[in-house]
Amino acid sequence: MPEPTTKTASAFTKVPKSIEVTVGSVAEFSAETAKVGADVKWQKDGEDIQSGEKYTIRAKDTQHTLTVNEVTPDDEAVYSVICGTSKIHFDLKIFHPEMEVNESGNISSPSPHPEDGEEGSGLPTDDSLPDSAKGRKDSVWSVGEGSTDEIDKHDESQRSTLFIEKPQSTVMNVGGDVIFTAKVEAKDLLRKPTVKWFKGKWMDLASKAGKHLQLKELYDRNAKIFTFEMHIIKAKENYGGNYRCEVTYKDKFDSCTFDLEVLESPATPQPIDIRSAFKRSGEGQDDAGELDFSGLLKHREVKQEDTGPDIDVWELLKAAQPSEYEKIAFQYGITDLRGMLKRLKRIKREEKKSAAFAKVLDPAYQVDKGGRIKLIVDLADPTVDLKWYKNGQEIRPSTKFIFEHKGTQRMLVINNCTLNDDAAYQVRAGDEKCQTELFVRELPVTITKELQDTSTYVGERFELECEVSEEGANVKWFKNGVELENGVRARHRIKEDGLKHYLYIDDATKADSGTYSVMTTGGTSKAEIKVDLRPLRIIQPLTDMTVKLGDEINLKCEISENISGRWYKNAQIIQSSDRVKMYHKGRIHRLIIMNSLVDDEGDYTFVPEAYAITLSAKVHVIDPPKIHLDFLKAVDYTVTVVSGNKLRLEIPVSGEPAPKVVWKRGDKVITDSSGRIRAESHPDHSSLIIDCAERDDSGNYSIMVMNEAGLDSAVIKIKVVDVPDPPEAPLVTEVGEDWCIMNWEPPKYDGGSPILGYFIERKKKQSSRWMRLNFDLCREHTFEPKKMIEGVAYEVRVFAVNAIGTSKPSMPSKAFIPLAVTSEPTLLAVDDVTDTTVTMKWRPPDHIGAAGLDGYVIEYCFEAGTVPDSDSDSAWTPIITDAAQFRNLGALTDSNEAAKLTDSNVDKSAEVDASAAVQPGTVAAPPSSGKTTPTKDASVGSETKEVPDSSKAGGEGAAQKGKALTGKQDKPALPGKVENITPAGIAGGQPVSQTEQAKATAEPTLSKDIQITQDNRGVDAASEQKESKDAVTTPTEVARPSERWTVANPDLTDKTRFTIPNLPTGAKIFVRVKAVNAAGASSPRLHPQPILVKEVVEPPKIRLPRHLKQTYIRRVGETVNLVIPFQGKPRPKVIWKKDGVLVDVSQVSIRNSECDTIIFIRKAARGHSGKYELTVQVDTLEDKATIDIQIVDRPGPPQVVQIVQVWGENAALEWKPPKDNGNAAITGYTIQKADKKTMEWFTVIEHYQRTSITIPDLIIGNEYYFRAFSENMCGLSENATVTKNCAKIEKEGTPYKNPNYKEFDFSEAPQFTHPLISTIAVAGYNATLNCSVRGNPKPKIYWFKNRVLITDDPRYRTFNSQGVCTLEIRKPSPYDGGIYSCKAENDLGSTEVECKLEVKVTQ
């Protein structure tokens, strides 16, 4: 389906109409364009028309006219008018007045002139003519059927030029033959186009092909041209009319129209027979297949008509009622009822009788100019009032218009007809009227006296004269084919004097030369006019002169003619002014310039008008040199330039002759070279040019000018300013979680302008995109960037800004990372305890932060009864027992003595953590103060534990987190130090005991924690019970850590499990863990209870893996690596035995750990097979496990393979199992056979489990050897056992001869079995084109686009698999559309297929 197109707007607003004129008359066509001055061409039968005697072409504004003079029969053709892309066709038909059509519809010769009293000689109406003589529907005079304007045409914008030859209109006689030919070029067509032939608007002639109409198609393969022919044989009168030929190919369309006029001989007139005219042709008759409507109706039997008397069926139809029409048509054999009714309707309309007129005027009349004509009507009532009208105006009797009457006839006689009488006439009788048209034909006017060629001079007057054959004739004058019109502003005058016509031109110019012609309706005359100049002589020439600046310049010349001229200076025209005066008096010309200037120097020329002669002179003005520095407004003539820019200092200088200019910088002369600093000299100025100015270019520059009239000099100061140097790299002094503080120093050089401020930028270290941090200038030398991402490395840099601009950026600072410490580790617990080690485990912190986690630090300290003082570490601090002592201790903490005590303890404890804190909800011992304050817990009846200051711990953790980045930390509080505690909800802030605090905070975990602490003290039950009884009267000591914390791991550990080694057995330790990252260490996580360093005995237990509970099988050479976990404490003793004997460690590697044992064999051998026994012992307790290991290998070959029996085509084999089964059961055998001639082995059977077999289907006459392989779980044996003897298959009966077959030749030329198919692809999606080809040898495949070979183009991929050829187009665009072809070629020939690919873009 063709894509819709936009209709192109026509260039014409009014188009020419087809007309019909008589021989010898003038035909005029007019067209009107949409634009003024449009280029319009006229054509006749496709050839351009030039203006001349035959054709007159005129154009005025938008009106364009073509006039055909003295029309002849040869002028009858199809004309065209073209403007731009619009082309309009119209016809010129020639009417022969000697031919007339009578009332019966036959053409006959009329009488020369009707006499008075006879019927009028009016022209016949179109309805009274037969179909073959009817005119065009838009003209009374046209001949043919239908109008080309009425044909249903396609839009011109959708047409394309498919036709290279179109059918031409033809005139023929009845009974003749004609062939219409249309040709279409097929070079760009992939298949045959579709061609249809039509008659009129809708009749498709393909259904009418038969005896009289034949349609043929031809194709010239060499020229690639389709030829379509329509043959009309023995044409009949009704074959005439308008025809149309249409050709379509996909979205292309073209059509053309042509006329066929069939003329009937006047000698054999045939009357119209309604029964034959409206009878359909029957099948099998002589006229079958004519151009009638028989193909549209049913077939009917042809009935034999009875020959009877002629009956006028028209009269019957006229008199009958409409309901009887069908009956009459059936009775008289009229089958085309529709055509009959249309004809009858027209006749009835024509024969409608008038009440006033018995006979009306004819439709049209024609008379020659100066002739006489009579218009006649016949009245039905002679008494009715009758009036005549011309163009709607009533006609009064006069010498020109005479009214006559004869009986009932009324006549209007027009004498001496002129062109003004060419009008529409109307006669009114009562209330009725009839009308006609009168055409006055003008006789051609001839030229009796021709124009004469003339020569004259410029300025003189000349005239052209001609004489015509008639006064008052319309005469037109032309110059070079362009019509001359007489107007007020026209240079020419046109005059008419009787038969003579004149053309005058006063004051002739050379532009008046040319070909002049005069044209009448009967002829044309031409004459050549040549206008020349008179010869010019120079009487006094111009002379050269030299003047001083300010003097008057006076130039004078004299020529032989009194003509004007122009003055030029240096080829530029001189205009008059107050200072410049030009005088012209007779033959003398003067140029006076007052107060001469330097600019007045030059070459002066006087050019006489219309002559190619020049008078020249040189004027030289002398002036002393001078330097003009007025444009430098600075007092000291200072010029400021920005560094890096180009300075072009243009200093105006004056002087005549042109002075010499010298530039200097100091004593060094600046020459006119191509260096960076150079000087250029010009007539009116000198330039100092500094490319890419630098700081060192600042200084004084001198300029000196001199000529023969004097000397002048000046000094100019040049100052080069620049942007400042970049500052030094900034220094980041402090870093926070999302901020930092940076400082920098001002730049060393400010660029010659004060520093206005600084811009700061930052970027991520891994990025290249810098981000501006301040949009207002920072006037300080410190800045605080904020809103940075924690954990991301950043760099900062600084720009300095002065009035000139911004400096280059400074070097980036050292990379820094905004970081924060993590939260404390979680879920610290004891994992394992031995006599010398304690293993702890924990979970990572809840919040790690962007800095990540580098590892953990594990610290421990021993439980102490007293806090070590300056002399001894064995002293114990008494425990607080009541609230009063607690308050006293709090008061002591605030005193100087407490401060001294704390400071002395800190100094002695080198290993104390700087940020120790007590876990909320746990119990810790207070610091040593020399006093014991026992307290009693009423809830559990045991010792009262010291309550940690949770608020203090939280505050220190926050402080440590905030100061970790700056490296500043406060002095840490000692572990267990008691501060003033104010639980939530208790007012006053007074210290309270643990019991009161528990009640106030309602923490149910407090008693539980205390109980856990007691359970882990490591004392026996008896002592614990005794201690509980004595608690009522005796102060109880609480377990607490000492102040000496020891780091267990010198290096950070990234694991969440750690073993503290080298601990004394029986000691109690406290353990805490801190998480460390780049920002520092987190708050510690303290285990709330002391841990007893003493191992607990655990019986051994071997956890044998499930796959080792069965036989463990491995192949020879594989690695055996078995891991057997076990448990038991203390560390169990591991013993390995094989078959009751200790394992040889030189053959098998054994590795033991605390929780598992590993047996490792790097390369297993069959000797490693056996039962391995594992024993795990802890003191007197032990556990055992047995592992069965089997090492297998491929088996050996079978023993003694022999042929037992051979019969027919069979052979029986037997063998024995192999001696070596590879330490695994034999799973089967593989039997192979080999022909003795080739000894190529072929497998007969695999996985065969028996030791005997019968091998069938052996070839007669061959001898065979056999061999057997053994097979187990490792595979086949490396070698096979071959039979010693061969089995010969004997031939029986008649020997068999192989038939001799002729070798088949499979060679074949390439042939496509599936062609390419045209397709439509969507832009952006891969498209594929597929075809299949066969041929032998395998053909080579080539792909083409628009006949261009597709080679190494990444947009295309080609595939060829099993004869299927594929071209893949990757993401095509509309430019990839076109004709694609695939060519297959081998030694026997080549072939090619092609298709069209269209790529559409989705909306």
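Residues numbered from 1 in each chain as written. Predicted model: local features only at pLDDT ≥ 70, side-chain atom pairs only at ≥ 80, totals over all residues. Heavy atoms only, no water.

What follows concerns the overall build of the protein. The secondary structure content of the protein amounts to 10 helices and 97 strands. Put simply, the protein has 1403 residues, and 40% of those count as buried. Sequence-distant contacts in the protein: of pairs separated by 6 or more residues, those separated by 24 or more amount to 65%. Of the roughly 79500 Å² that the protein leaves accessible, carbon and sulfur atoms contribute 49%. (Helix = DSSP H or I, 4+ residues; strand = E, 2+ residues; numbered from the N terminus. Buried < 20%, exposed > 50% of the residue type's maximum accessible area, 1.4 Å probe, protein only. Contact = heavy atoms within 4.5 Å. Areas by Shrake-Rupley, 256 points an atom, 1.4 Å probe, with all protein chains shown as cover.)

Below, the discussion takes up the packing of aromatic side chains. The final tally for this structure, using the stated rule, is 22 aromatic pairs. Its guanidinium or amino end placed over the ring of Trp770, Lys763 lies 5.3 Å from that ring's centre, counting from NZ or CZ. (Phe/Tyr/Trp six-rings, centres within 6.5 Å; stacked < 30°, edge-to-face > 60°. Lys NZ or Arg CZ within 6 Å of the ring centre and 35° of its normal.)

As used in these notes, a disulfide is a covalent bond between sulfur atoms, one from each of two cysteines. The final tally for this structure, using the stated rule, is 0 disulfides. Cysteine Cys1331 remains unbridged, with the sulfur of Cys1382 as its closest cysteine sulfur at 3.8 Å. We classify Cys1331 as buried; its relative accessible area is 2%. Classification of Cys1382 as buried rests on a relative accessible area of 0%. (Disulfide = S-S within 2.5 Å.)

What follows deals with the sheet that holds strand E45 (residues 588-593). As summarised here, the arrangement of the 4 strands in space is E39-E41-E45-E44, forming an open sheet in which the pairing is antiparallel. Two strands lie at the open edges of the sheet, namely strand E39 (538-540) and strand E44 (580-585), each paired on one side alone. Strand-to-strand twist in this sheet, taken as the mean axis angle between neighbours without regard to direction, amounts to 20 degrees. Alignment of strand E41 (residues 553-559) against E45, held across 6 bridges, turns out to be antiparallel. For Asn554, the partnering residue across the bridge sits in E45 and is Ile592. (Pairing = 2+ DSSP bridges. Axes fitted to C-alpha atoms, helices over the stretch in contact; angles between N-to-C directions.)

Turning our attention to the pattern of salt bridges. This model, assessed by the stated rule, comprises 54 salt bridges. The salt bridge involving Asp368 is made with Arg441; its shortest N-O contact spans 2.9 Å. With a gap of 73 residues between them, Asp368 in strand E22 (residues 364-368) and Arg441 in strand E29 (residues 432-441) connect regions that are remote in the sequence. Taking the relative accessible area as the measure of exposure, Asp368 reaches 30% and is therefore partly exposed. Note that Arg1194 is salt-bridged to Glu1278, the shortest N-O span being 3.2 Å. Of this pair, Arg1194 sits in the loop between strand E79 (1181-1192) and strand E80 (1199-1207) while Glu1278 sits in the loop between strand E86 (1275-1276) and strand E87 (1281-1282); the two residues are 84 residues apart in sequence, bridging distant segments of the chain. (Salt bridge = Lys/Arg side-chain N within 4 Å of Asp/Glu carboxyl O.)

Let's shift gears to the pairing of strand E37 (residues 514-520). Among the 7 residues of E37, 6 are classified as buried, and the element is accordingly described as predominantly covered. In this sheet, E37 lies alongside strand E33 (residues 476-479) in antiparallel orientation, the contact comprising 4 bridges. Across the sheet, the residue bridging to Lys476 is Met519, located in E37. Bridge count for E37 against strand E38 (residues 523-532) is 7 bridges, and the pairing is antiparallel. Residue pairing across strands places Tyr516 opposite Ala527, the latter belonging to E38. The loop that links E37 with its antiparallel partner E38 comprises 2 residues.

Taken in spatial order, the 3 strands of this open sheet run E62-E63-E66, and their pairing is antiparallel. Every other strand in the sheet has two partners, leaving strand E62 (826-833) and strand E66 (1057-1060) as the edge strands with one partner each. Going from strand to strand, the sheet's axes swing by 25 degrees on average, the running direction of each strand aside. In terms of strand pairing, strand E63 (residues 838-843) meets E66 through 4 bridges, oriented antiparallel. The residue bridging Met840 from the neighbouring strand is Phe1058, located in E66.

For the rest of this paragraph, the subject is a negative patch on the surface. Taken together, the side chains of Glu1209, Asp1257, Glu1290 and Glu1292 present a region of like negative charge at the surface. On the secondary structure map, Asp1257 appears in the loop between strand E84 (1252-1255) and strand E85 (1263-1272). Asp1257 gets classed as exposed once you look at its relative accessible area, which sits at 63%. (Patch = residues over 30% accessible without salt bridge, like charges linked within 9 Å, V, L, I, M, F, W, Y side chains within 5 Å. Lys, Arg positive; Asp, Glu negative; His and termini not counted. Charge placed at Lys NZ, Arg CZ, Asp CG, Glu CD.)

Trp197, Met230 and Ile232 are the most contacted members of the largest nonpolar core, which totals 28 residues. For this core, the secondary structure elements donating two or more residues are strand E14 (178-185), strand E15 (194-199), strand E18 (225-232), strand E19 (241-249) and strand E20 (252-263). (Core = buried A, V, L, I, M, F, W, Y, C linked by side-chain atoms within 4.5 Å.)

Confidence in the prediction of the protein, expressed as mean pLDDT, is 77, and 77% of residues score 70 or more. Throughout residues 866-1036 the model reports pLDDT below 50, and contacts reaching past four residues in sequence, or to other chains, amount to 257 contacts. (pLDDT = per-residue confidence, 0-100.)

With respect to the element layout, Asp600 can be found in the loop between E45 and strand E46 (602-608). Within the structure, the side chain of Asp600 is placed 2.7 Å from the side chain of Arg579, a separation counted as a polar contact. Leave out the neighbours within four places in its chain, and Asp600 touches Ile553, Lys569, Arg579, Ile593, Asn595, Val619 and Val621. (Polar contact = N/O pair within 3.5 Å; in protein donor to acceptor, adjacent residues only side chain to side chain.)

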